[in-house]
Amino acid sequence: MAKTIMVVDDEPDIRDSVKTVLVKNGYKVITAVNGDDCLVKLKSAKPDLILLDIMMPGTPVRDVVPKIKGIKIAYLSVVRTGEAEKEALLKEKNIVDFIQKPFDINDLLKRVKKIVGA
Amino acid sequence: MDIKKELSKSQVMLVIVPASGYDKVVIKHLKALSSKPVCYVSLSKTYESLKESFKKNKIKTGNVVVIDAISKSIRKMPDQTDGCYYVSSPNSLTELEIAVLKVLRHGFEYLIFDSLSTMMFYQKNAPVAKFVAALSNNARQNNAKALFYTVKSAEQSQMVSDVGTLVDKVIDLGK
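Keep in mind that what you see is a predicted model, and the values were worked out from it rather than measured.

Rules of the game
Residues numbered from 1 in each chain as written. Chains lettered and ligands numbered in written order. Predicted model: local features only at pLDDT ≥ 70, side-chain atom pairs only at ≥ 80, totals over all residues. Heavy atoms only, no water. Buried < 20%, exposed > 50% of the residue type's maximum accessible area, 1.4 Å probe, protein only. Helix = DSSP H or I, 4+ residues; strand = E, 2+ residues; numbered from the N terminus. Pairing = 2+ DSSP bridges. Contact = heavy atoms within 4.5 Å. Buried area = accessible area lost by both parts, 1.4 Å probe. Salt bridge = Lys/Arg side-chain N within 4 Å of Asp/Glu carboxyl O. Axes fitted to C-alpha atoms, helices over the stretch in contact; angles between N-to-C directions.

Undergrad: Tell me about the pairing of strand S1 (residues 12–17) of chain B, and name the residues and values.
TA: The side chains of a regular strand alternate between the sheet's two faces. Residue and element names in this part refer to chain B. In terms of residue burial, S1 counts as a mostly covered element, since six of its six residues are buried. Neither face of S1 is left uncovered, since the one carrying Val-12, Leu-14 and Ile-16 and the one carrying Met-13, Val-15 and Val-17 both have all their residues buried. Both S1 and strand S7 (residues 145–151) contribute to a ladder of six bridges, which runs parallel. Bridge pairing in S7 links Val-15 to Tyr-149. Taken together, the four bridges between S1 and strand S8 (residues 169–172) define a ladder with parallel strand orientation.

Spelled out as structure tokens, the structure:
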């Protein structure tokens with residue numbers, strides 16, 4: 001059965017391009033425009049992985065992430081963080097990867113495969 | 001370009017920088033100005049990340065106070081630590097303005113705003129222009145010199161045109 005990825009990003013170009021590549025590679029994709037939209041969509045869906053932009057308008061990820069239970073999350077970040085900060089974020093429950101923007105789409109795909117399988 | 005020389009002629013400037021060399025330019029300018037007190041507003045790099053960059057570039061941090069508008073969105077942070085004030089998000093313009101004003105009142109010579117292009121992720125042209133006008137006035141009232149940075153891109157042309165009318169000089173490093 002195809003794995004499901006939720007792409008949460010306020011930039012339509014990122015949502016669309018990531019969705020296109022993931023779908024082409026056999027994943028089922030749900031998109032959300034921000035953290036609030038993500039939480040609403042999680043009421044009726046349980047993806048295997050959430051690719052979550054770290055800075056979006058609306059509720060900050062700091063408040064969104066604790067409401068997501070039992071689903072792996074990889075941050076997509078245009079924000080530059082310190083190394084120690086990145087390590088601390090990766091120690092948080094559910095957080096499995098930290099992907100710096102701009103990212104190479106093939107690298108993103110590799111990382112998604114590594115987390116959820118093909 | 002000698003940023004100190006430019007600031008001696010123009011108190012408030014908009015600096016347009018190509019994306020490829022953006023970080024280098026801002027750090028170079030900060031290094032040139034950091035012999036005097038600098039208020040550095042960051043909308044895209046956390047204070048921790050900036051500290052690593054300052055260390056790498058041998059910037060003396062004693063004169064630099066950072067207003068970090070990122071970290072609080074990601075993690076629980078205090079309102080203030082040594083050398084840094086934390087603002088809820090880049091979207092909180094009033095909070096950001098109050099924090100800048102608080103710092104400038106303490107005799108800061110320079111204000112570095114990094115960056116308007118990041119602010120445009122969250123805001124439309126009009127609020128950004130209004131915000132720049134307010135910060136410029138604060139800087140002028142406190143005898144501080146202000147540099148507003150933006151990444152050069154076609155998408156920002158309207159904002160650049162609007163903000164350009166509010167500053168003393170526009171420097172386009174992409175020309």
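Undergrad: Lay out the interface of chain A and chain B with the relevant residues and their values.
TA: Contacts between chain A and chain B engage 19 residues on the former and 17 residues on the latter. Between chain A and chain B, a total of about 1,500 Å² is buried, with carbon and sulfur atoms accounting for 59% of that surface. Here chain A is connected to chain B by two salt bridges. The shortest N-O distance in the salt bridge between Arg-75 of chain B and Glu-85 of chain A comes to 3.9 Å.

Undergrad: Which residues make up the sheet that holds strand S3 (residues 49–53) of chain A, and what are the values?
TA: All names here are of chain A. On the basis of which strands lie adjacent, the open sheet formed by five strands has the order S2-S1-S3-S4-S5 and parallel pairing. The open sheet has two edge strands with one neighbour each: strand S2 (28–32) and strand S5 (95–100). Neighbour-to-neighbour, the strand axes of this sheet turn through a mean angle of 20 degrees, independent of strand direction. With five bridges connecting them, strand S1 (residues 4–8) and S2 associate as parallel partners. Bridge pairing in S2 links Val-8 to Ala-32. Sheet strands touched by helix H1 (residues 12–24): S1, S2 and S3. Its angle to S2, the strand with the most contacts, is close to 170 degrees. Along the sheet, helix H4 (residues 83–91) contacts strand S4 (72–77) and S5; its crossing angle with S5, the most-contacted strand, is approximately 145 degrees.

Undergrad: Tell me about the environment of Gln-141 of chain B, and name the residues and values.
TA: All names here are of chain B. With respect to the helices and strands, the residue Gln-141 is situated in helix H7 (residues 125–141). Under the relative-accessibility criterion, Gln-141 is labelled exposed at 62%. Along the backbone, Gln-141 and Pro-90 are 51 residues apart, and their C-alpha atoms lie at a distance of 24 Å.

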